[in-house]
Amino acid sequence: MLDGITLGQYVPTESPIHNLDPRTKIISSVLLIVVLFLVEGFQGYLLIGLGILGIIAAARLPLGFVLKGLRPLRLILLITLLLHLFMTEGREIARLGPLVVTYEGFNKGVLMTLRLGLLVLATSLLTLTTSPIRLTDGLEDLLNPFKRVGLPAHELAMMMTIALRFIPTLFEETEKIMKAQKARGADFESGKLSQRAKNLVPLLVPLFVSAFRRADELAIAMEARCYRGGEGRTKLHTLQMTRADYLAILLLTAGVIVIAVVF
Amino acid sequence: METKRLVWTAMLTALAVVIPLVFSSIGLVLVLGPFTATVASHVPVMLAMFLTPGSAFLVGLGSALSFMAIHGMVVAARAAMHAFVAAGGAVLIGRGRSFAQVLLITLPIHGLLESLIVLPFGYSLYQALVVVGLGTAIHHAVDMVIALSIVKFISPILPRQI
């Protein structure tokens, strides 16, 4: 059920996208997210989708693997589609008992579902092509200007990277615990919502205990390696923007502006 | 930031992303009109109240950033309110209030904050106050019961304002 989680995973491959500076990839992801909220027509989403497919190909990532990342979200995507389909007023195209499907609802539902799917793909691409260390460095560098207003840039970047790194691990852990509890007779997928919520406790307790144990082990390992936070910390590999990075940002910005203005 | 606190903050942020994704995939979703909420999604933010207010704020903020990538702006904006609820809760725990009291005190604040934040996104006053506000309050109450049940078991390993 939870297999195919791509958010937070890194696929180490030699590709032009992998070689880009992490800051370029973070900025590009933000640009993609922004344009997904600006676009309101199918053509715009089609172009963005094609762009994302192009990036997946350039990153030499298996398309099936990347698309599998949408599987855990299928219920959310379905709810999004159905909510818009049945709850938007407009011209009636079909009727299912008391529920009315409208042309506007159909359009909005498909667009929202596409937006959600493309958002997840765009975000997954960042972590799939950037190693956790480079992601931390990139985030920290981009957050550095905010240090002047007291933002702990290094700590925030490190925290986000550790969180991203542990998302796939915690998914696996959750699946293992669910299977173990089901083997003991637990039922998470049927019954009233209140009963199912109650049944979550035997799942959540071991999940939190395991996560906190991992947190303690990681903290000890970091301290054993003399990690003392961002103060006075130097880097083995300093980030360096190349011509390819500037070109990628320029092309993407131009593409985003065109798509946002035209569609 | 102390290493242990940093890692615990990160882990709770990761759980704040994982739990809604997993539980929505098995249908543990409350649907109240245009308002949807996943059961137990607030639990990591509630547990973050045991850390310092700064850490609790970061867990709320971190989960909001993740939600922005997955669910879009409105859900992210609502999730961003968790940062203030968690930080406020951590302050109250620091002042010696019990976890149950803190969750009860933050319930109306949580509902109010989420209903106010959706107004700029085109929600009507009714949708914001009744659907989102009341929906959030119910969601908070359900998650509060789950969080209190969990805390009973994991209390010995929980950090106390580390």
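It should be noted that the structure appears before, not after, this text.
Because the structure is a prediction, the values reported are computed rather than measured. (Residues numbered from 1 in each chain as written. Chains lettered and ligands numbered in written order. Predicted model: local features only at pLDDT ≥ 70, side-chain atom pairs only at ≥ 80, totals over all residues. Heavy atoms only, no water.)

(A) Structural context of the overall build of chain B. Looking only at helices and strands, one finds six helices and two strands in chain B. Each helix and strand of chain B, ordered N terminal to C terminal, gives the series α-β-β-α-α-α-α-α. In summary, chain B has a C-alpha radius of gyration of 15 Å against a globular reference of 15 Å for 162 residues, a match within 12%. Its C-alpha atoms give chain B principal-axis dimensions of about 45 × 30 × 30 Å. By the burial criterion, 62% of the 162 residues in chain B qualify as buried. By sequence separation, contacts in chain B at least 24 residues apart represent 73% of the contacts at least 6 residues apart. As displayed, chain B offers around 5,500 Å² of accessible surface, 71% of which is attributable to carbon and sulfur atoms. (Helix = DSSP H or I, 4+ residues; strand = E, 2+ residues; numbered from the N terminus. Rg over C-alpha atoms; globule rule 2.2 N^0.38 Å. Buried < 20%, exposed > 50% of the residue type's maximum accessible area, 1.4 Å probe, protein only. Contact = heavy atoms within 4.5 Å. Areas by Shrake-Rupley, 256 points an atom, 1.4 Å probe, with all protein chains shown as cover.)

(B) Spatial organisation of the pairing of strand S2 (residues 99-102) of chain A. Residue and element names in this part refer to chain A. Strand direction decides the pairing type here: strand S1 (residues 92-96) and S2, joined by four bridges, are antiparallel. Paired with Leu96 across the strands is Leu99, a residue of S2. Where S1 folds back onto S2 in an antiparallel hairpin, the turn is made up of two residues, including Gly97, whose phi is positive at roughly 65 degrees. (Pairing = 2+ DSSP bridges.)

(C) Looking closely at the packing of helix H4 (residues 73-94) of chain B against helix H5 (residues 99-117) of chain B. Residues and elements named next belong to chain B. Two elements in contact, H4 and H5, have axes separated by 9 Å at closest approach and are oriented at 150 degrees. Between H4 and H5, the crossing angle belongs to the class labelled roughly antiparallel. The handedness of the crossing between H4 and H5 comes out as right-handed. Between H4, through Ala77, Arg78, Met81, His82, Phe84, Val85, Gly89, Leu92 and Ile93, and H5, the contact on the second element is made entirely by Phe99, Val102, Ile105, Thr106, His110, Leu113, Glu114 and Ile117. When its residues are assigned to classes, the contact of H4 with H5 shows 11 nonpolar, four polar and two charged. (Axes fitted to C-alpha atoms, helices over the stretch in contact; angles between N-to-C directions. Parallel < 35°, antiparallel > 145°, perpendicular 65-115°, else oblique. Left-handed = near helix turned anticlockwise from the far one by under 90°. Nonpolar A, V, L, I, M, F, W, Y, C, P; charged D, E, K, R; others polar.)

(D) Main features of the interface of chain A and chain B. With 51 residues of chain A at the interface, the matching set in chain B holds 51 residues. Between chain A and chain B, the buried area comes to about 4,600 Å², and carbon and sulfur atoms account for 86% of it. Of all residues in chain A, the largest losses of buried area upon contact with chain B belong to Met159, Phe208 and Phe212 of chain A, amounting jointly to 15% of the total for that side. Taken together, chain A and chain B are joined by one salt bridge. Close ionic contact of Lys4 of chain B with Asp216 of chain A constitutes a salt bridge, the shortest N to O distance being 3.6 Å. Joining chain A to chain B, the criterion identifies two residue pairs in polar contact (both at pLDDT 80 or more). Elements with a minimum of two residues in the side of chain A that touches chain B: helix H5 (74-87), helix H6 (103-129), helix H8 (153-183), helix H9 (193-199) and helix H10 (201-224) of chain A. (Buried area = accessible area lost by both parts, 1.4 Å probe. Salt bridge = Lys/Arg side-chain N within 4 Å of Asp/Glu carboxyl O. Polar contact = N/O pair within 3.5 Å; in protein donor to acceptor, adjacent residues only side chain to side chain.)

(E) Up close: the nonpolar core. In this structure, Leu200, Leu204 and Phe208 of chain A together with Phe23, Leu47 and Phe99 of chain B are the most contacted members of the largest nonpolar core, which totals 83 residues. Those residues in contact with Leu204 of chain A that sit more than four places away from it in its chain are Ile19, Phe23, Ala40, Ile146 and Ile150 of chain B. Counting residues in hydrophobic clusters, the runner-up holds 26 residues, among them Leu119, Ala122, Leu125 and Leu252 of chain A. (Core = buried A, V, L, I, M, F, W, Y, C linked by side-chain atoms within 4.5 Å.)

(F) Structural detail: the environment of Leu118 of chain A. Following the sequence through the fold, Leu118 of chain A ends up in helix H6. C-alpha separation for the pair Leu118 of chain A and Gly49 of chain A, spaced 69 residues apart in sequence, amounts to 6.8 Å.

(G) Geometry of helix H1 (residues 3-25) of chain B. Residues and elements named next belong to chain B. Counted at 1.5 Å a residue, the expected span for H1 with its 23 residues is 33 Å, and the 33 Å between its end C-alpha atoms agrees. Extensive coverage of H1 is indicated by the burial of 22 of its 23 residues. Backbone geometry just after H1 places Gly27 at a positive phi near 80 degrees. (Expected span 1.5 Å × (residues − 1).)

(H) The pattern of salt bridges, seen in detail. In total, this model carries seven salt bridges over all chains according to the counting rule given. The partner of Glu114 of chain B in a salt bridge is Arg78 of chain B, with the nearest N and O atoms 2.8 Å apart. Taken together, the residues Glu114 of chain B in helix H5 and Arg78 of chain B in helix H4 connect sequence positions 36 residues apart. Here the two residues Glu114 of chain B and Arg78 of chain B agree in accessibility, since each one is buried. The network of salt bridges with shared partners includes Asp21, Arg23 and Asp141 of chain A.

(I) Broad picture of unusual backbone geometry. A positive phi angle is found at Arg60 of chain A, which is not glycine, with a value near 55 degrees. Assignment of secondary structure puts Arg60 of chain A in the loop between helix H3 (42-58) and helix H4 (63-68). The phi torsion at Ala40 of chain B lies on the positive side, around 75 degrees, for a residue other than glycine.

(J) Region of interest: the packing of aromatic side chains. Residue and element names in this part refer to chain A. Applying the stated criterion to the full structure yields four aromatic pairs over all chains. A ring pair is formed by Phe208 and Phe212, whose centres lie 5.8 Å apart and whose planes are at 50 degrees; its orientation type is tilted. Note that Phe208 and Phe212 are positioned in helix H10 at a spacing of four residues, about one turn of the helix. Each of the two residues, Phe208 as well as Phe212, counts as buried. (Phe/Tyr/Trp six-rings, centres within 6.5 Å; stacked < 30°, edge-to-face > 60°.)

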